[in-house]
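# A closer look at the structure
Now for the letters of each chain:
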Amino acid sequence: MIGIYFSGTGNSRWALEFFLQEYEGRSRMYSIEDEDALKEIEKQKEIVFSYPVQYSNLPKMVRDFIVCHKNLWKGKHIFIIATMGMFSGDGTGVMGRLLEKYGAKITGGLHLRMPDSICDEKALKKSLEENKKLVADAEKKIKNAVKNVKSGNPPKEGLGFWSHLAGLLGQRLWFSRMTAGYSDKVKIDGQKCIGCGKCVKLCPMNNLELQDGNAVAKNQCTMCYRCVNHCPVQAITLLGKNVVKQGTIEDYIKGDR
Ligand SMILES: Cc1cc2nc3c(=O)[nH]c(=O)nc-3n(C[C@H](O)[C@H](O)[C@H](O)COP(=O)(O)O)c2cc1C
Ligand code: SF4
Ligand code: SF4
């Protein structure tokens, strides 16, 4: 079994690693950004795919990865983990249906509430303690899910008809345009930017570049929020106007398991 993931601020990567460690005591996993991901997927039948829900949908980059490599999925057995800040309805289902179209069998699904990666919207920010609790609860949920997978009764969260309806009515009908294409909404405050280049290195879409000592954004953003959460001087915003408080999974995980 291998893990495949996409992750902006680390939640989906962490969840997958924890799942695989619990399942088989090791975690062979690849980001869709890794060069090796495709050839590893080709070799494996059993896959766990973890990703962050955006508006009850797939980030554009994840959708494109699946669609561009549509021949990879035939005959694969795929368990899906969808991480989210609050609600997705059918976070696993939206990926599951796409993979099924290309011949995969979806073996189960797990929804995990995790810290919200949107750090430039005040209303979404939780305290450090609340976020730590979310992660601790997610650990318990993953352990339980792994137990059930092992006993042949995998969770099927987000995969049924009612979940599909909830995702559709709760979000996709109103927000589908948000993930239909890549975004041009990244803003960089040239007064604040110190030209360190960190965001440029981190961006999975190569959407950022340095020009005359300042970062500038193009229009191919998959809204992962990695750059926004990592900029040392809070110069980057995306959906909101000001960075409220940055955070990544490393801030919330406990030292011991
Ligand atoms: C553009 C965007 C849209 C999001 N939409 C949702 C959503 O519809 N429902 C939800 O519960 N969380 C939503 N979130 C929160 C993320 O899914 C959540 O924080 C996720 O765990 C981030 O995972 P990552 O660290 O692996 O990127 C959204 C985040 C972003 C950046
Ligand atoms: S991480 Fe921030 S300071 Fe560094 S180049 Fe990017 S925008 Fe500028
Ligand atoms: S510009 Fe920032 S938010 Fe957009 S894809 Fe790149 S790292 Fe992610």
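Everything that follows concerns the structure shown earlier in this document.
A few points on the structure. Quantities reported herein were computed from a predicted structural model and do not represent experimental measurements.

### So, the overall build of the protein
Along its length, the protein carries 8 helices and 9 strands. Computed over C-alpha atoms, the radius of gyration of the protein comes to 18 Å, within 12% of the 18 Å expected from 2.2 N^0.38 for 257 residues, which places it in the range of a compact globule. Projected onto the principal axes, the alpha-carbon positions of the protein cover approximately 55 × 40 × 35 Å. Taken across its 257 residues, the protein has 49% of its residues classed as buried. Counting contacts in the protein only where the partners sit at least 6 residues apart, residues at least 24 apart contribute 73% of the total.

### Observations concerning the site of ligand 1
Not every one of the 24 residues close to ligand 1 is listed here, only the nearest: Ser7, Thr9, Ser12, Met86 and Gln171. Here an oxygen atom of ligand 1 sits 2.6 Å away from a polar atom, N or O, in the side chain of Ser7. Within the backbone of Asn11, a nitrogen or oxygen atom sits 2.8 Å from an oxygen atom of ligand 1. Protein coverage of the free-state accessible area of ligand 1, which is 640 Å², stands at 96%. Breaking the shell around ligand 1 down by element, the ones donating at least two residues are helix H1 (11–24) and strand E4 (77–84). A breakdown of the residues in the shell around ligand 1 according to their chemical character gives 11 nonpolar, 12 polar and 1 charged.

### Details of H1
Taking 1.5 Å as the rise per residue, H1 with 14 residues should run 20 Å; its terminal C-alpha atoms sit 20 Å apart, in good agreement. All of the buried residues in H1 are Asn11, Ser12, Trp14, Ala15, Leu16, Phe18, Phe19 and Leu20. In this structure, the buried side of H1 is in contact with strand E1 (2–5), strand E2 (29–31), strand E3 (46–52), E4, strand E5 (105–113) and helix H5 (128–150). Positive backbone phi, at 75 degrees, marks Gly25, one or two positions downstream of H1.

Calculation rules
- Residues numbered from 1 in each chain as written.
- Chains lettered and ligands numbered in written order.
- Predicted model: local features only at pLDDT ≥ 70, side-chain atom pairs only at ≥ 80, totals over all residues.
- Heavy atoms only, no water.
- Helix = DSSP H or I, 4+ residues; strand = E, 2+ residues; numbered from the N terminus.
- Rg over C-alpha atoms; globule rule 2.2 N^0.38 Å.
- Buried < 20%, exposed > 50% of the residue type's maximum accessible area, 1.4 Å probe, protein only.
- Contact = heavy atoms within 4.5 Å.
- Near = heavy atom within 4 Å.
- Polar contact = N/O pair within 3.5 Å; in protein donor to acceptor, adjacent residues only side chain to side chain.
- Areas by Shrake-Rupley, 256 points an atom, 1.4 Å probe, with all protein chains shown as cover.
- Nonpolar A, V, L, I, M, F, W, Y, C, P; charged D, E, K, R; others polar.
- Expected span 1.5 Å × (residues − 1).

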